[in-house]
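Now for the letters of each chain:
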Amino acid sequence: MTLPNRLVLPAMVTRLSGEDGFVNEDIRARYVRFAKGGVGLVVVEAMAVHQSKSGPLLRISDDAFTPGLADLVTRCHDAGPARIVPQIIHFLKISRSGWRQTVDQLSLEEIDGIVSAYATAAVRARAAGFDGVELHMAHAYTLSSFLSKLNPRRDAYGGTLANRLRLPLRVVQEVRKAVGHDFPIGVRFVGDECVRGGYSTPDAARIAYGMT
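Since this is a predicted model, take the numbers as computed values, not measurements. (Residues numbered from 1 in each chain as written. Predicted model: local features only at pLDDT ≥ 70, side-chain atom pairs only at ≥ 80, totals over all residues. Heavy atoms only, no water.)

1. Quick word on the pattern of salt bridges
Here is step 1 of the chain: Counted under the stated rule, the structure contains seven salt bridges.
Here is step 2 of the chain: In this structure, Arg-153 engages Asp-155 in a salt bridge whose closest nitrogen and oxygen atoms are separated by 2.6 Å.
Here is step 3 of the chain: Residue Arg-153 is classed as buried on the basis of its relative accessible area of 8%. (Salt bridge = Lys/Arg side-chain N within 4 Å of Asp/Glu carboxyl O. Buried < 20%, exposed > 50% of the residue type's maximum accessible area, 1.4 Å probe, protein only.)

2. Comments concerning the pairing of strand 5 (residues 133–137)
Here is step 1 of the chain: In terms of burial, strand 5 is largely enclosed, as five of its five residues are buried.
Here is step 2 of the chain: Burial of the side chains of strand 5 extends over both faces: Val-133, Leu-135 and Met-137 are buried on one face and Glu-134 and His-136 on the other.
Here is step 3 of the chain: One crossover worth recording links strand 4 (residues 83–89) to the parallel strand 5 by way of helix 3 (residues 108–127), and it is right-handed.
Here is step 4 of the chain: Strand direction decides the pairing type here: strand 5 and strand 6 (residues 185–189), joined by five bridges, are parallel. In the strand pairing of strand 6, Val-133 is matched with Ile-185. (Helix = DSSP H or I, 4+ residues; strand = E, 2+ residues; numbered from the N terminus. Right-handed = clockwise from strand over helix to strand, strands pointing away. Pairing = 2+ DSSP bridges.)

3. Some points on the packing of helix 1 (residues 25–36) against helix 2 (residues 66–79)
Here is step 1 of the chain: Between helix 1 and helix 2, the least distance of the axes is 8 Å, while the angle of their chain directions is 25°. Comparing their axes, helix 2 and helix 1 come out roughly parallel. Pair helix 1 / helix 2 crosses with right-handed handedness. Between helix 1 and helix 2, the contacting residues are Ile-27, Arg-28, Tyr-31, Val-32, Ala-35 and Lys-36 on the first element and Asp-71, Leu-72, Arg-75, Cys-76 and Ala-79 on the second. (Axes fitted to C-alpha atoms, helices over the stretch in contact; angles between N-to-C directions. Parallel < 35°, antiparallel > 145°, perpendicular 65-115°, else oblique. Left-handed = near helix turned anticlockwise from the far one by under 90°. Contact = heavy atoms within 4.5 Å.)

4. What about the packing of helix 3 against helix 6 (residues 166–179)?
Here is step 1 of the chain: At a minimum axis distance of 8 Å, the contact between helix 3 and helix 6 shows a crossing angle of 35°. Here helix 3 runs over helix 6; the crossing is right-handed. Of helix 6, the residues touching helix 3 (which contributes Ile-111, Asp-112, Val-115, Tyr-118, Ala-119, Ala-122, Val-123 and Arg-126) are Leu-167, Arg-170, Val-171, Glu-174, Val-175, Ala-178 and Val-179.

5. What about helix 6?
Here is step 1 of the chain: If you check helix 6, its first and last C-alpha atoms are 20 Å apart, about what 14 residues at 1.5 Å a residue would give, namely 20 Å.
Here is step 2 of the chain: Residues of helix 6 that are buried make contact with helix 3, strand 5, helix 4 (142–147), helix 5 (161–164), strand 6 and helix 7 (201–211). (Expected span 1.5 Å × (residues − 1).)

6. A few points about the nonpolar core
Here is step 1 of the chain: Val-44, Ile-88, Tyr-118 and Leu-135 are the most contacted members of the largest nonpolar core, which totals 55 residues.
Here is step 2 of the chain: Among the elements that take part in this core, helix 3 stands out by supplying eight residues, more than any other.
Here is step 3 of the chain: Residue contacts for Val-44: discarding those within four places in its chain leaves Ala-11, Tyr-31, Leu-58, Leu-72, Ile-84, Val-85, Pro-86, Gln-87 and Phe-130.
Here is step 4 of the chain: In this structure, Ala-46, Ala-48, Ile-89 and Phe-91 belong to the second largest nonpolar core, which totals five residues. (Core = buried A, V, L, I, M, F, W, Y, C linked by side-chain atoms within 4.5 Å.)

Set out below in structure tokens:
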């Protein structure tokens, strides 16, 4: 991907989306404004690859969302030279009572479903006209929790760094297979977990190399 300049708008959830996850006028106005301003790369705020409820968060988990996303891309491209990519995310379940699902509660079938959900969402991103896709692996969400040194799984998806990388790498590989080799894929992950016992910069370097 060639950018018109080095200005990048990172993905930041705005809560401007409705509970239904569709692009609305507030979302369109925000990102078109950045495109008009000349930002080289606009990363649209995180959108869910699966169906779990999450409040006002954009979604890319069904073909029904594609027309609105395609319209957003067209408007941004018309407004300026910016390249536009969506950040796509999977998150674990949480209840209003405070219960939170953890990665060790996921079955192997559910893990396979996460891989498939990312790949399908990336295909929708390409169909909508986005210039690439960014995979969310940060901030203690699902893939970040697999990467974490605090990952409690005791199977092939936990323990060593190679095991903790297994799911994120499966996601990258399946997304690449689904969208082809001419569609940029980015990954957002943390350089330091900033928690006791978590990984820090030396581990982050190894993760970055592992992703490539």
